[in-house]
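# Fold and contact review
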2 protein chains.
Amino acid sequence: MNCILGIDGGGSKTICIIMDDAAKILGRGEAGASNYQSMGIEAAQSQIQSAIHQATITALNHINNINIIAICLGLAGVSRPEDMEVIKAIVSKLQNSKDILPITWELQPSHIVICHDALIALMGGVGDAVGIVVAAGTGSIVFGRNHQRETKRVGGWGYILGDEGSGYKIAVAGMQAALKAYDGRGKPTSLVENLQQHLGLERMENLIEVIYRKGWGVKEIAALAPIVDQAASEGDKIANSIIDEAIKELVIATSTVMDHIFDSNQVVEIVSTGSIWLGKCGLRERFVNSIIDQYPLVNVIYPRYEPAYGAGLLALKALSGNW
Amino acid sequence: MNCILGIDGGGSKTICIIMDDAAKILGRGEAGASNYQSMGIEAAQSQIQSAIHQATITALNHINNINIIAICLGLAGVSRPEDMEVIKAIVSKLQNSKDILPITWELQPSHIVICHDALIALMGGVGDAVGIVVAAGTGSIVFGRNHQRETKRVGGWGYILGDEGSGYKIAVAGMQAALKAYDGRGKPTSLVENLQQHLGLERMENLIEVIYRKGWGVKEIAALAPIVDQAASEGDKIANSIIDEAIKELVIATSTVMDHIFDSNQVVEIVSTGSIWLGKCGLRERFVNSIIDQYPLVNVIYPRYEPAYGAGLLALKALSGNW
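Residues numbered from 1 in each chain as written. Chains lettered and ligands numbered in written order. Predicted model: local features only at pLDDT ≥ 70, side-chain atom pairs only at ≥ 80, totals over all residues. Heavy atoms only, no water.

Superposition of the two copies of the chain requires a rotation about an axis together with a shift along that axis. Once chain B is rotated about the relating axis by 180 degrees and shifted along it by 0.0 Å, it coincides with chain A to within an RMSD of 0.1 Å. As the rotation angle and translation indicate, the two copies are arranged about a two-fold axis. Taking C-alpha positions as the reference, the residue of chain B nearest the rotation axis is B:Ile160, at 4.7 Å. (Least-squares fit on C-alpha atoms with pLDDT ≥ 70 in both.)

What follows is the structure in structure tokens.
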């Protein structure tokens, strides 16, 4: 049976969706991270292979054999020509790898789509490759594509150079504000006590140990964003100003994409993805109000499908020559 | 001959001054970094030992033998009781280490001073342990001490949690502003071209490789601050707003220390140390104007002596029971 693979490869896990040529899901598999830039090509390939394996096993509960005729891989950090070559080599190895399962590969080069993760998030979130995705989790990026197939990306420069409005930035701003309150530079905020309590710190000085000496990375720090969200939802002014700043950055990034590739009076779907939108302090509502103020006809939606399904839809488009 | 050691141990080098009991310098030695938290205790100890060795060798050109009766170590990142214990252990190992040079140790516990680097920078900078030091290089910290021996520290929370007004923060703000200009969010700035040129980037996207994939650390990033300074001195508005923000942070930190331990109408010496003050764009002048606006009687000075000499002066104070 002719099948299509959609793969969402990120910094924490890899998801594979297998679908038929009518976009019906036949199976789904998950594996570990597949960011080859941080973990190496072989490790990334093995995770992708594992996700595909899982997906095909579930599919083979319903069908007798699998003939893969299109594939789309949406991968974090993949945008440069050099990256494309690396991923192409991985795909060709996938095709040649022996499998005891009844799987065959019949991939024409034009039916292999390799793209960055924002595009499959847009495709999955909207259900079509037109609109804007505002992704804000550990990091942040805003990406849009219009009917003329023009694209515009804003942000996504990572935790040092950008990621404005992300969980990482909110968490760092929260800690900075708490330390400023603590050492007398800033206004009092409940963030001081909340951070100490959450992290079990005897003194605020011990935050240094947690952040610099315990091998914490971007994800661990970003995971503190809910403390700022919680404080904001309880009315803490400093926490709310941090959330306001995050919203402002997400609005600027979104309107930059909007102004570049859409008319301001166009009906455009904007899909919000990522953990930041799930907070209690009304961040999403405030974002939506601010965006609709500027662009009355846009529609901010929650994702309709997951990015891996979006990747499958993109592969289908490639198959129909519609990409 | 009775001698005193002053040691300035930092993240990039260790400096040892050996002086007589009239504060006259007899020798000076340099070695590598001695930040035990990042490099380990043994490596730090060996660098401190090497700096002492160099200093004593130069001193022995003038005198026949050395009897060390007081020592002060001012070390970056040392402030917690646990740190003190580690350094005390290092000092006792130093005393017991065999040396072919004619050196003896006669250290009473009260003549061993262990402190953070801001205190020796104040002591060296002012020539006395009263005043405020505004240190802004790769990182930043403001530290003050008054005649009543009360101290106040503001900032110094490191590159993630703080270091407002530092070279690292100025450099990061410069790159963020350049990327915002580049992706359409921000106003145009010459920082885009200047960064590309300086780093030899074909496209601005390649900045990601430089910052995340080349193993760059805080120091390498902070070393880009002069690009922002240069652009500001040439009139670039965005670069100037970054410099203004840095000045604002340094002024807030300084006035916080001032308000905590001094009267606003007191004559206080404020010593500026670190690379940030050496720029071309008038950062120091703007800082001085802003501070004198608030505190007409303060006097912003350049360092009179280096921190290692300040450490020696502190050891002398301990010796005279005046600490």
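Buried accessible area, meaning the area lost when the parts come together, often serves as the stated size of an interface. Residues and elements named next belong to chain A. Partitioning chain A into structural domains gives domain 1 (2–127 + 305–319) and domain 2 (158–301). Here the C-alpha centroids of domain 1 and domain 2 sit 32 Å apart. Taken residue by residue, the interface counts five residues in domain 1 and four residues in domain 2. Regarding the contact of domain 1 and domain 2, the summed buried area is about 350 Å², with carbon and sulfur atoms giving 66% of it. Considering only the surface of domain 1 that becomes buried against domain 2, Ala121, Gly125 and Val126 emerge as the three largest contributors, covering 71% of it. Applying the counting rule to domain 1 against domain 2 returns zero salt bridges. Summed over the shared surface of domain 1 and domain 2, the number is zero residue pairs in polar contact (both at pLDDT 80 or more). (Domains from an automatic or database assignment. Contact = heavy atoms within 4.5 Å. Buried area = accessible area lost by both parts, 1.4 Å probe. Salt bridge = Lys/Arg side-chain N within 4 Å of Asp/Glu carboxyl O. Polar contact = N/O pair within 3.5 Å; in protein donor to acceptor, adjacent residues only side chain to side chain.)

Another aspect to go through is the pattern of salt bridges. Pairing of side chains with opposite charge becomes possible as their charged atoms draw close. Under the definition given, this model contains 23 salt bridges over all chains. Note that B:Arg185 is salt-bridged to A:Glu164, the shortest N-O span being 3.0 Å. With B:Arg185 in the loop between helix 6 (167–183) and helix 7 (191–199) and A:Glu164 in the loop between helix 5 (158–161) and helix 6 (167–182), this residue pair bridges two chains. Taken individually, B:Arg185 and A:Glu164 each receive the classification buried, so the pair is uniform in this respect. Among the charged side chains, a salt-bridge network with shared partners connects A:Lys13, A:Arg28, A:Glu30 and A:Glu306. (Helix = DSSP H or I, 4+ residues; strand = E, 2+ residues; numbered from the N terminus. Buried < 20%, exposed > 50% of the residue type's maximum accessible area, 1.4 Å probe, protein only.)

On to the interface of chain B and chain A, then. In this assembly, 42 residues from chain B lie in contact with 42 residues from chain A. Around 3,300 Å² of area is buried between chain B and chain A when both sides are counted, 58% of it from carbon and sulfur atoms. When the buried surface of chain B facing chain A is broken down by residue, B:Trp157, B:Leu161 and B:Arg185 rank first, second and third, together holding 25% of it. Remark: the boundary between chain B and chain A carries 22 residue pairs in polar contact (both at pLDDT 80 or more).

Turning to the sheet that holds strand 10 (residues 269–273) of chain B, a few remarks are in order. All names here are of chain B. Overall, mixed pairing links the five strands, which are arranged 9-8-7-10-11 in an open sheet. Either end of the sheet is taken by a strand with one partner, and the two such strands are strand 9 (151–155) and strand 11 (299–301). Mean inter-strand twist for the sheet, computed between neighbouring axes without regard to direction, equals 15 degrees. Examined bridge by bridge, strand 7 (residues 131–136) and strand 8 (residues 140–145) share six bridges and lie antiparallel to one another. Each residue of the ladder has a partner; that of Ala136, found in strand 8, is Ser140. Here helix 11 (residues 237–261) sits on the sheet and contacts strand 7, strand 8, strand 9 and strand 10; the angle it forms with strand 9, its principal contact strand, is near 160 degrees. Against the sheet, helix 12 (residues 283–294) makes contact with strand 7, strand 10 and strand 11, and its axis sits at roughly 160 degrees relative to strand 11, the strand it touches most. (Pairing = 2+ DSSP bridges. Axes fitted to C-alpha atoms, helices over the stretch in contact; angles between N-to-C directions.)

Residue and element names in this part refer to chain A. Strand order in the open sheet formed by five strands is 9-8-7-10-11, with mixed pairing between adjacent strands. Strand pairing shows two members of the sheet lacking a second neighbour, strand 9 (151–155) and strand 11 (299–301), which therefore form its edges. Averaged over all pairs of adjacent strands, the angle between strand axes in this sheet comes to 15 degrees, irrespective of strand direction. Contacts from helix 11 (residues 237–261) reach strand 7 (131–136), strand 8 (140–145), strand 9 and strand 10 (269–273), with the element oriented near 160 degrees to strand 9.

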